[in-house]
Amino acid sequence: MAHNLDHTISLLTRTPAALSALLRDLPETWTLRNEGEKSWTAFDVVGHLIHADRIDWMPRAKIILQFGDSQPFASFDRRGHEREIQGKSLGQLLDEFARLRSEKLDELRALNLRPADLDRRGLHPALGAVTLSELLATWAAHDLTHLHQISRVMAHQYREAVGPFSAYLGVLHCAGHSS
């Protein structure tokens, strides 16, 4: 499917509510456990999404629109979320994510992007030339990646409890690929 900005915004709008519905008020055994060494909890993932919304997607979109590929994006600190989550509850993070996502989508809509804008190129520090359309499509796919990750991490908590039913649960056989 080709990138469609309206469809992207439609998906990005729903992520905070989806996370809130899934995670809010769950026992910490669901939200603060991971899959093992160097993996993330659902709590970490929400912090990561906040961090990415704050310093990645819209700042990079604005760099593309202002500088094109003459100014590379700053590198993204994948562990930057560790600062975002300190001293906060999951409820606070979910509320912060909903507020921040709404602000960022308002910024995106205010750009009044035209098809020619979506074809503009920026310079990713590792990937090289990328278009604004690719960046925005990646924002949506990034959300879906982390929704998948949260589901996988949570299902992992019952990996032993499900016994032989494990054979039918693909989520328990999915290798980690999103942290």
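Rules behind the numbers
- Residues numbered from 1 in each chain as written.
- Predicted model: local features only at pLDDT ≥ 70, side-chain atom pairs only at ≥ 80, totals over all residues.
- Heavy atoms only, no water.
- Helix = DSSP H or I, 4+ residues; strand = E, 2+ residues; numbered from the N terminus.
- Rg over C-alpha atoms; globule rule 2.2 N^0.38 Å.
- Buried < 20%, exposed > 50% of the residue type's maximum accessible area, 1.4 Å probe, protein only.
- Lys, Arg positive; Asp, Glu negative; His and termini not counted.
- Charge placed at Lys NZ, Arg CZ, Asp CG, Glu CD.
- Contact = heavy atoms within 4.5 Å.
- Pairing = 2+ DSSP bridges.
- Expected span 1.5 Å × (residues − 1).
- Arc of directions from axis to C-beta.
- Phe/Tyr/Trp six-rings, centres within 6.5 Å; stacked < 30°, edge-to-face > 60°.

Draft legend 1. Structural detail: the overall build of the protein. When helices and strands are counted, the protein shows eight helices and two strands. Reading the protein from its N end, one meets helices and strands in the order α-α-α-α-α-α-α-β-β-α. Computed over C-alpha atoms, the radius of gyration of the protein comes to 18 Å, within 12% of the 16 Å expected from 2.2 N^0.38 for 179 residues, which places it in the range of a compact globule. By its C-alpha atoms, the protein is 55 × 35 × 30 Å across when sized along the principal axes. When the 179 residues of the protein are sorted by exposure, 42% land in the buried category. The averaged location of the 22 negative side-chain charges in the protein is 1 Å from the averaged location of its 20 positive side-chain charges.

Draft legend 2. Representation of unusual backbone geometry in the model. Unlike most non-glycine residues, lysine 38 shows phi in positive territory, near 65°. Judged by relative accessible area, which is 69%, lysine 38 ranks as exposed.

Draft legend 3. Region of interest: the environment of alanine 74. Relative to the assigned elements, alanine 74 resides in the loop between α4 (57-67) and α5 (81-85). Spatially, the C-alpha atom of alanine 74 lies 27 Å from that of arginine 14, the residues being 60 residues apart in sequence.

Draft legend 4. Representation of the side chain of histidine 156. Counting through the fold element by element, histidine 156 comes out in helix α8 (residues 132-156). For histidine 156, the residues in contact, after removing those within four places along its chain, are Asn34, Glu35 and Leu172.

Draft legend 5. Representation of the pairing of strand β2 (residues 128-131) in the model. As paired elements, strand β1 (residues 121-124) and β2 share four bridges and run antiparallel to each other. Within β2, the residue paired with leucine 123 across the bridge is alanine 129. The antiparallel hairpin formed by β1 and β2 contains three residues in its connecting segment.

Draft legend 6. Expanded view of helix α6 (residues 90-110). Helix length check: α6, at 21 residues, gives a terminal C-alpha distance of 30 Å against a target of 30 Å (1.5 Å per residue), a fit within 8%. The complete set of buried residues in α6 reads Leu90, Leu93, Leu94, Glu96, Phe97, Leu100, Arg101, Lys104, Leu105 and Leu108. Here the buried residues of α6 occupy an arc of 160° about the axis, which is enough to place them on one side. Packing partners of the buried residues in α6 comprise α1 (5-23), α2 (28-31), α3 (42-55), α4, α5 and α8.

Draft legend 7. The packing of aromatic side chains, seen in detail. Under the criterion given, the structure shown has two aromatic pairs. On the numbers, 4.9 Å between centres and 65° between planes, the contact of tryptophan 30 with tyrosine 158 is edge-to-face. Here tryptophan 30 is found in helix α2, whereas its partner tyrosine 158 is found in the segment after α8, with 128 residues between them in sequence.

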